[in-house]
Amino acid sequence: MTYDGTRSDTLDTWPDGGASAPSTLPRDAYVVRVPDADEPEPTPELGGTTMKRRPTIGCIIPAYNEAETIAGVLDSLLMQTRMPDVIHVIVNNSTDDSVEVAGHYAGPHTRMTIHGPQSTVVYVHDIGKNPDKKVGALNYGYSLVKDMDFLLGVDGDTTPEPNALEALVEEIASDDRIGGISAIYSIDDSALDGVMAKFLIAGQRAQFSAFNMQNLLKGRNMAVLGGQFSIFSTRALKQVIAETHQRTPWVNDSEVEDSLLSLQIKSAGYLTKISARAYAHVGGMTTLRGLDGQQVKWNYGAIDLMWPGQRGDTRGQPFHPNLRLRWFEHLSMVLNIATRLMFIMLLCASLSISAFVFRAWWLIPPAVAVLLNLRVARSMAFANRRDYLFALLMFPAELYMWIRMGHFVRAWLKFFSRAQTDNWAAQAKAERGKGSAYLYPFLSLIVFFIAAAAIWVQLPINLQSDILAACWPVLGALTVIQTAWMALKSLRRYRGYKA
């Protein structure tokens, strides 16, 4: 996506249509290097009046080593049918050329849209080393736009569709009960190299689509206002600060700062929603290391919020409305792990004593799983051939499920071990291609099967037969329940929604 509008170093009017901006202000004036992140820069005053007031929107983009993607993000924001009134790029802890790349966009921009001329100003803030990382950048950005009506949070690798912001603003401005709205996220699968990258992105696209549809069908109530592309009412954020006695909306003691803030907005009496019309494309993980770092951090942060007594500042925990879906997702994963491990172990055990008898009805569960995966693919707003192949071939979806189960187990083990680790740093390290923690689930699975086989061969044949006779019916019952649930999900109406 490229920006084909006009840009000049001067602008006839400020974004709200008021007095002229100083014509001698150079572009470099909009690139701010901040020596001390504890001293936030004040928001520029945008003067003037308009005949009909429209809500003001301040966009903040926390950027950590986003030199390769930040230009595309800014291009997509400047191509919006409803442009933000101001865009703040908050570069933090970066060692690449993020400031230089973003600096080319610094200054005023104006463009003719279907709604008439639109204007915005891009500011680039280099806050240097920031111990609070993304949370620190978000809070710095909040201090710049807190007097505006809405705050738009955008990740440094997210490109929204041209009408995405307009859709979000129309909905949040229409109902004062709404504290925040998330866009529908899809993983960008363009320009992928290698079989592994294409496989992992296809899995993430299916995972995101299923999650989005689940929220769309539940009254469009969204438990997590993801930081990729979400809009917040600054009034709601100020109320969260007041009720939680926090100094800032985002806090640095949570692995999932967006989930915690969403929970707090809900606790403050506001609605948290997912849009039915706004779409944004986010960057995905193209390596097993990167995916492991991201998913373990997400799962660990969710557990931290869910577990009783972990957070005294989240009322109703662990049965807070925003956490019930998380509990269901984790219980569902436990069932997936149990049925798959039991099937492999019982199959191998039966073959070892020549007691295996194939039944045709065993093909029903995988057939229903393929049907459900195809429904997920059809529900995607931007589905392509790779998405359908991922669902139809079954093996890719099954392999991706095993990878997700490894992330799930590793997150729970890390939580119960009480290991004090920086999961943000672990994810960044994994994305740089370092670390071997992503191999632990696979190695542990191999050790588990070897140990189980060693124990099995030591048992007398009568005991082996008794174990098989008792365990196969248990697996059968669990599989029937799981298959029935998948069938119901595959048959439900999507009511015109596209995820």
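Residues numbered from 1 in each chain as written. Predicted model: local features only at pLDDT ≥ 70, side-chain atom pairs only at ≥ 80, totals over all residues. Heavy atoms only, no water.

A closer look at the overall build of the chain
Step number 1: Within the chain one finds 15 helices and 11 strands.
Step number 2: The buried share of the chain, reckoned over its 499 residues, is 49%.
Step number 3: When the accessible surface of the chain is totalled, it reaches about 23,600 Å², and 61% of it is carbon and sulfur. (Helix = DSSP H or I, 4+ residues; strand = E, 2+ residues; numbered from the N terminus. Buried < 20%, exposed > 50% of the residue type's maximum accessible area, 1.4 Å probe, protein only. Areas by Shrake-Rupley, 256 points an atom, 1.4 Å probe, with all protein chains shown as cover.)

Focus: the nonpolar core
Step number 1: Residues Ile61, Leu74, Leu77, Val89, Leu152, Phe229 and Ile231 are the most contacted members of the largest nonpolar core, which totals 79 residues.
Step number 2: Leu152 has contacts with Ile57, Gly58, Cys59, Ile60, Leu77, Pro84, Leu165, Leu168, Phe229, Ser230 and Ile231, leaving out every residue within four places of it along the chain. (Core = buried A, V, L, I, M, F, W, Y, C linked by side-chain atoms within 4.5 Å. Contact = heavy atoms within 4.5 Å.)

Things to note about helix 11 (residues 385-392)
Because an α-helix completes one turn every 3.6 residues, residues spaced three or four positions apart along the sequence face the same direction.
Step number 1: Inspection of helix 11 places Asp387, Phe390 and Ala391 among the buried residues, and these make up the whole buried set. In a view along the axis of helix 11, the buried residues occupy a sector of 95°, so they form one face of it.
Step number 2: Residues of helix 11 that are buried make contact with helix 5 (195-216), helix 10 (364-379) and helix 12 (395-417).
Step number 3: Measuring from the backbone nitrogen of Arg386 back to the side-chain oxygen at the start of helix 11 gives 3.1 Å, which picks out Asn384 as the cap. (Arc of directions from axis to C-beta. Polar contact = N/O pair within 3.5 Å; in protein donor to acceptor, adjacent residues only side chain to side chain.)

Details of the side chain of Gln204
Step number 1: Following the sequence through the fold, Gln204 ends up in helix 5.
Step number 2: With residues near it in sequence (within four places) discarded, Gln204 still touches Ile187, Gly284, Met285, Leu291, Gln294 and Tyr400.

What to know about the packing of helix 9 (residues 321-352) against helix 14 (residues 440-458)
Step number 1: Their axes nearest at 11 Å, the elements helix 9 and helix 14 cross at an angle of 40°. For helix 9 against helix 14, the interelement crossing comes out right-handed. Across the interface between the two elements, Leu341, Ile344, Met345, Ala349 and Ser352 of helix 9 pack against Leu445, Phe448, Phe449, Ala452 and Trp456 of helix 14.
Step number 2: Grouping the amino acids of the contact of helix 9 with helix 14 by side-chain chemistry returns nine nonpolar, one polar and no charged. (Axes fitted to C-alpha atoms, helices over the stretch in contact; angles between N-to-C directions. Left-handed = near helix turned anticlockwise from the far one by under 90°. Nonpolar A, V, L, I, M, F, W, Y, C, P; charged D, E, K, R; others polar.)

Here's the deal with the pattern of salt bridges
Step number 1: Evaluation of the coordinates by the stated rule reveals 12 salt bridges.
Step number 2: Between Lys134 and Asp155 there is a salt bridge, with its nearest N and O atoms 3.0 Å apart. Taken together, the residues span a long stretch of sequence, with Lys134 in helix 3 (residues 133-145) and Asp155 in the loop between strand 7 (150-154) and strand 8 (159-160) at a distance of 21 residues. One exposure class covers both Lys134 and Asp155, and it is buried.
Step number 3: Linking Arg205 and Asp189 is a salt bridge whose minimum nitrogen-to-oxygen distance equals 3.8 Å. You can see Arg205 sitting in helix 5 and its partner Asp189 sitting in the loop between strand 9 (178-187) and helix 5, a full 16 residues away along the chain. (Salt bridge = Lys/Arg side-chain N within 4 Å of Asp/Glu carboxyl O.)

Considerations on the packing of aromatic side chains
Remark: the centre distance and the inter-plane angle together describe each pair of aromatic rings, the angle taken between the planes.
Step number 1: Tallying each qualifying case throughout the model produces 19 aromatic pairs.
Step number 2: Considering the side-chain rings of Trp362 and Trp472, the 5.4 Å spacing of their centres and the 15° angle between planes classify their relative orientation as stacked. Of this pair, Trp362 sits in the loop between helix 9 and helix 10 while Trp472 is found in helix 15 (residues 461-491), placing the two residues 110 residues apart along the sequence.
Step number 3: Their ring planes at 75° and their centres at 6.4 Å tell us that Phe390 and Tyr400 sit as a pair that is edge-to-face. A residue pair is termed long-range when its members are at least 10 positions apart, and Phe390 in helix 11 and Tyr400 in helix 12 qualify at 10 residues. The residues Phe390 and Tyr400 share a single accessibility class, namely buried.
Step number 4: Among the aromatic residues, those joined into a cluster by ring pairs are Phe343, Phe356, Phe358, Trp361, Trp362 and Trp472.
Step number 5: Over the face of the ring belonging to Tyr494 we find Arg375, whose NZ or CZ atom lies 4.2 Å from the ring centre. (Phe/Tyr/Trp six-rings, centres within 6.5 Å; stacked < 30°, edge-to-face > 60°. Lys NZ or Arg CZ within 6 Å of the ring centre and 35° of its normal.)

What to know about a nonpolar patch on the surface
Step number 1: A cluster of nonpolar residues, Leu439, Tyr440, Phe442, Leu443, Ile446 and Ile450, forms a patch on the protein surface that exposes about 570 Å² of accessible area.
Step number 2: You can see Leu439 is positioned in the loop between helix 13 (423-431) and helix 14. (Patch = residues over 30% accessible without salt bridge, like charges linked within 9 Å, V, L, I, M, F, W, Y side chains within 5 Å.)

Notes on the pairing of strand 11 (residues 271-282)
Step number 1: Most of strand 11 is tucked away: nine of the 12 residues are buried.
Step number 2: For strand 8 and strand 11, the ladder comprises two bridges, and the chain directions are antiparallel. Its bridge partner being in strand 11, Pro160 is matched across the sheet by Ala280.
Step number 3: The sheet contact formed by strand 9 and strand 11 spans eight bridges and is parallel. Looking at the pairing, Ile178 lines up with Leu271 of strand 11. (Pairing = 2+ DSSP bridges.)

Considerations on the confidence of the model for the chain
Step number 1: When pLDDT is averaged along the chain, the result is 86, and 85% of the positions lie at 70 or above.
Step number 2: For the stretch residues 39-51, pLDDT sits under 50, and the model shows 29 contacts to residues farther than four places along the chain or on other chains. (pLDDT = per-residue confidence, 0-100.)

Examining the environment of Thr244
Step number 1: When you line up the elements, Thr244 lands in helix 6 (residues 234-244).
Step number 2: Taking the C-alpha atoms as reference points, Thr244 and Ala268, separated by 24 residues in sequence, lie 9.2 Å from one another.

Quick notes on unusual backbone geometry
Step number 1: Its identity as a non-glycine residue notwithstanding, Asn93 has a phi of 55°, on the positive side.
Step number 2: Note that Asn93 resides in the loop between strand 4 (86-91) and helix 2 (98-103).
Step number 3: Given a relative accessible area of 21%, Asn93 falls into the partly exposed group.
Step number 4: Within the chain, Ser354 stands out as a residue other than glycine whose phi angle is a positive 55°.

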